[in-house]
Amino acid sequence: MSRPTPNRAGLAAMLDTQAKVNAQRRKDPIPLARVNRIAQFIDNAGIIEQLETWRRADRTKTAPGGRPGTTTIRTILLLMFLLADEDNALLIRNMVDIVIDRFDDKTRERYGIALGKNYRATYGRIWRAWETLRTLLDPEPLPRGRRKRLDVHTYLQLAESARSEELWRERKDRIDWLCNQMLEATIHVLPAEYQKWGGGVAADSTFVEAFGRYHSPRSVKGISTDPDAGWYIRDPDLRDAYAKYTSTSKDRPPLKTAKWGFEACYIVQATNDPTKPADFPQLVIGIAFHRPAKKAAQEALSALRSVADRGHPAGYLIADRLYLPGAKPENFQLPIRALGYLPINDYDKNEVGRQGHHEGAILVDGSYYCPSMPESLINATRNNQRRPDHPDYIDDETHRNYIKRRELYRFRPKEKPDKHGNTPMMCPAAGPNPTANCPLKPRDGKTGSRKVSVELTIRKPPSMPPKVCTAKSSTSFPAEAGAKYWQPIPHKSDEWRRWYAHRNVVEAYNGDIKDDSRTGLGSKLRRRFRGYAATYLVTAVLTAATNLRRIASFLHDAYEKHLAPAGRRTAKKPRPPRTKHSLTKWANTGTIPYEPPHEHERWQE
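The model shown is predicted, which means the values in this text are computed figures rather than measured ones. (Residues numbered from 1 in each chain as written. Predicted model: local features only at pLDDT ≥ 70, side-chain atom pairs only at ≥ 80, totals over all residues. Heavy atoms only, no water.)

A. Highlighting the overall build of the chain. A count of helical and extended segments in the chain gives 20 helices and 14 strands. Surface accessibility of the chain: about 34000 Å² in total, with carbon and sulfur atoms responsible for 51%. (Helix = DSSP H or I, 4+ residues; strand = E, 2+ residues; numbered from the N terminus. Areas by Shrake-Rupley, 256 points an atom, 1.4 Å probe, with all protein chains shown as cover.)

B. Region of the structure containing the pairing of strand 11 (residues 423-426). Here strand 11 shows a buried face lined by Thr423 and Met425 and a second buried face lined by Pro424 and Met426. Where strand 10 (residues 412-413) lies against strand 11, 2 bridges are found, and the strand directions are antiparallel. Note that in strand 11 the partner of Arg412 across the bridge is Met426. In this sheet, strand 14 (residues 475-477) lies alongside strand 11 in antiparallel orientation, the contact comprising 3 bridges. (Buried < 20%, exposed > 50% of the residue type's maximum accessible area, 1.4 Å probe, protein only. Pairing = 2+ DSSP bridges.)

C. How the structure looks around the sheet that holds strand 7 (residues 354-358). Read from one edge of the open sheet, 3 strands run 7-8-9, paired in antiparallel fashion. Each edge of the open sheet is held by one strand with a lone partner, namely strand 7 and strand 9 (367-369). Looking at each pair of strands side by side, their axes are set apart by 35° on average, direction ignored. Note that strand 8 (residues 361-364) and strand 9 share 3 bridges and pair antiparallel. Its bridge partner lying in strand 9, Val364 is registered against Ser367. (Axes fitted to C-alpha atoms, helices over the stretch in contact; angles between N-to-C directions.)

D. Representation of the sheet that holds strand 11 in the model. Across the sheet, 3 strands lie side by side as 10-11-14; this open sheet has antiparallel pairing. Edge positions in the sheet fall to strand 10 and strand 14, since each of these pairs with one other strand and no more.

E. Structural context of the pairing of strand 5 (residues 316-319). Bridging between strand 1 (residues 201-209) and strand 5 involves 3 bridges; their strand directions are parallel. For Val201, the partnering residue across the bridge sits in strand 5 and is Leu317. Sheet analysis places strand 5 next to strand 6 (residues 342-344), joined by 3 bridges and oriented parallel. The residue bridging Ile318 from the neighbouring strand is Ile344, located in strand 6. Once you follow strand 5 into helix 12 (residues 329-339) and on to strand 6, the crossover reads as right-handed. (Right-handed = clockwise from strand over helix to strand, strands pointing away.)

F. Spotlight on the packing of aromatic side chains. Overall, the coordinates contain 21 aromatic pairs when judged by the stated rule. Put simply, the rings of Phe262, Phe289, Tyr532 and Tyr536 pair up and form one aromatic cluster. Between the NZ or CZ atom of Arg337 and the centre of the ring of Trp486, over which it lies, the distance is 4.1 Å. Seen from the ring of Tyr485, Lys484 lies directly overhead, with NZ or CZ sitting 5.9 Å from the centre. (Phe/Tyr/Trp six-rings, centres within 6.5 Å; stacked < 30°, edge-to-face > 60°. Lys NZ or Arg CZ within 6 Å of the ring centre and 35° of its normal.)

G. Spatial organisation of the pattern of salt bridges. Under the defined criterion, the tally for this structure stands at 26 salt bridges. Linking Glu131 and Arg134 is a salt bridge whose minimum nitrogen-to-oxygen distance equals 2.9 Å. Residue Glu131 and its partner Arg134 are both found in helix 7 (residues 119-137); the two are separated by 3 residues, about one turn of the helix. Across the pair, exposure class does not vary: Glu131 and Arg134 are buried alike. A salt bridge links Glu184 to Arg310; the nearest nitrogen and oxygen atoms lie 2.7 Å apart. (Salt bridge = Lys/Arg side-chain N within 4 Å of Asp/Glu carboxyl O.)

H. Quick look at the side chain of Arg102. On the secondary structure map, Arg102 appears in helix 5 (residues 92-102). Assessed through its relative accessible area of 3%, Arg102 is described here as buried. A distance of 2.8 Å separates a polar atom in the side chain of Arg102 from the backbone oxygen of Asp28. Of the polar contacts made by the side chain of Arg102, one reaches the side chain of Glu86; its length is 2.7 Å. (Polar contact = N/O pair within 3.5 Å; in protein donor to acceptor, adjacent residues only side chain to side chain.)

I. Structural detail: the packing of helix 3 (residues 47-58) against helix 4 (residues 73-85). Put simply, helix 3 and helix 4 touch, their axes get as near as 10 Å, and they point 135° apart. Taken together, the axis directions place helix 3 and helix 4 in an arrangement best described as oblique. The handedness of the crossing between helix 3 and helix 4 comes out as right-handed. Residue-level inspection shows Ile47, Ile48, Leu51 and Glu52 of helix 3 in contact with helix 4, the latter providing Ile73, Arg74 and Leu77. When the residues that make up the contact of helix 3 with helix 4 are grouped by side-chain class, the tally is 5 nonpolar, no polar and 2 charged. (Parallel < 35°, antiparallel > 145°, perpendicular 65-115°, else oblique. Left-handed = near helix turned anticlockwise from the far one by under 90°. Contact = heavy atoms within 4.5 Å. Nonpolar A, V, L, I, M, F, W, Y, C, P; charged D, E, K, R; others polar.)

J. Up close: unusual backbone geometry. A cis amide bond, omega 0°, links Leu324 with the succeeding residue Pro325. Residue placement: Pro325 occurs in the loop between strand 5 and helix 12. At Glu359, a position not held by glycine, the phi torsion is positive, near 55°. Along the chain, Glu359 turns up in the loop between strand 7 and strand 8. For Asp365, which is not a glycine, the phi torsion comes out positive at approximately 50°. Assessed through its relative accessible area of 1%, Asp365 is described here as buried.

K. The arrangement of a nonpolar patch on the surface in detail. A grouping of Tyr119, Tyr123 and Trp127 is seen on the molecular surface, where their side chains present a nonpolar patch of about 280 Å² in accessible area. Examined against the element boundaries, Trp127 turns out to sit in helix 7. The exposure class assigned to Trp127 is partly exposed, which follows from its relative accessible area of 31%. (Patch = residues over 30% accessible without salt bridge, like charges linked within 9 Å, V, L, I, M, F, W, Y side chains within 5 Å.)

L. Fine view of helix 4. Its 13 residues place the ends of helix 4 18 Å apart at the C-alpha level, agreeing with the 18 Å of an ideal helix rising 1.5 Å per residue. Where burial is concerned, most of helix 4 is hidden: 11 out of the 13 residues are buried. Of the residues making up helix 4, those classed as buried are Ile73, Thr75, Ile76, Leu77, Leu78, Leu79, Met80, Phe81, Leu82, Leu83 and Ala84. Asp87 lies just past helix 4 and shows a positive phi near 60°. (Expected span 1.5 Å × (residues − 1).)

M. Main features of the side chain of Asn94. The residue Asn94 is located in helix 5 in this model. Residue Asn94 is classed as buried on the basis of its relative accessible area, which comes to 11%. Non-local contacts of Asn94, meaning those with residues more than four positions away in its chain, are made with Leu83, Asn88 and Ala89.

N. The arrangement of the confidence of the model for the chain in detail. Residues at a pLDDT of 70 or more form 83% of the chain, whose mean pLDDT is 85. Low pLDDT (under 50) marks residues 10-18, which in the prediction has 0 contacts with non-local residues, meaning those over four places away or in another chain. When the criterion is pLDDT under 50, residues 20-25 qualifies, and its contacts beyond four places in sequence or with other chains add up to 0 contacts. (pLDDT = per-residue confidence, 0-100.)

O. Molecular detail of the nonpolar core. Core analysis: the biggest nonpolar cluster contains 85 residues, and Met80, Trp130 and Tyr266 have the highest contact counts within it. The element that contributes the greatest number of residues to this core is helix 19 (residues 532-566), accounting for 12 residues. If sequence neighbours within four positions are ignored, Met80 has contacts with Leu90, Met95, Trp130, Leu537, Val538 and Val541. Grouped together as the second largest cluster of nonpolar side chains are 30 residues, Cys370, Met373, Phe411 and Trp486 included. (Core = buried A, V, L, I, M, F, W, Y, C linked by side-chain atoms within 4.5 Å.)

As structure tokens, this is what we get:
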């Protein structure tokens, strides 16, 4: 039997009809009240004045220029936020449709929007205004709006000569400030009684696919139109190897699962109490944009500094192994502690156990312990991660007991860190509340009274006592000591598990913003702009729109919860109970029905 030939013309007609139906849904008039709300949000953000300041600073001509533009930067941002607010694709075409079909004369007059003599003229006005905005922020050396791809030599010449390091830094600082300022404006939309965030954050990156495709440098068509993008691979062990492949590399990665694009680093608000859900909407408060696996820690630090510069408090910082402890201490761990953040992170299986030492104290899984701590406790996490058939393997229950036993050997801070980050630490046998008895630290009435019972007695102290064992009261630990692995909460403890579980707030946000039924950041066809600055700006607008949606959803739920005690909530029709039957009802069903003989005879007659 031959396979039927599909009706491709009918299928194309059906898809075209559905596309027209979807397009008609997006051409309904936009109420003036909604336009005013979005315009007020943009004006309150304080970004228009700064953009105009940058525009005046970039003008090099002293003679009068051409005719003033009819479409302003404020109009472009207004159209972008209107599209993001209704979950529409951020395309120039959709912006033109809003201006022509969905704005009435009153709205266009109020916001100073003039129509062109035809569709093409209006499209050109909006495109030129978009290019004006992008040019103010773009650190790339490539001219946009070109129809022809560049070859490798032309691109490298432009990269070396078109932009200096000083100009690149200026444009990079501009776009970072603008995108973070838009997120800051969303936070001020939330009423004051719900602004309860205490400063804890979670940091992670999400992939943003570039609209321009990758092209080999040896291709006759030239390199990619997104040359500043990079290859992204989900496997963390291959990220560093793939980071060396750029748009000018002669070879491309071997795996077909690699994608061409950028990464957006999100700083998301974490809960104040890990045992309770957050009583405020968890929003993105900081953002950075970079090539995948390239300077990820420095970009995340830039976003955290933006959060600190805006006057927000600092608390725990929950991050994955790419940042903590994967980064160099001078690039991430020490700067974030200078900002006031305390790291909470996991370790790779090759990083657990003994990690360093200072003045005789040993650093184990991010905390300092007595040098007399047994090897079974030192390697507790390493042995728990072994194969079950390994002779040193311990199960989860034994591992938890060993982690609790470690507390008796752990060094405790005597005081808060000083302005230089130095922290005085006491050994387990020192202080008024010791957790261990040690012959090197005899106790008498002058050194303090024992307020709690001591469970541990160190039988074999070091034969050559280090400084931490001979110090009378405490030893100073600088911030640089074990900075790569240090964290304030003992690794794998119950408190650590509660805090580290909140790292998934970033994953939840990524799923929310990449949902195609909403903002659709994961679809490159919904944001057809090329280049670093354009992709970064569109990502920030979609992120701000997602923040606003989360705030609206939170306030709606809070309003419904407030009405419930007073009995004013809208009554819902109760669902009728489901009818439950036993499986014995269906035991004798499904048999072949009986057909009487007279039915056949009647048919024959």
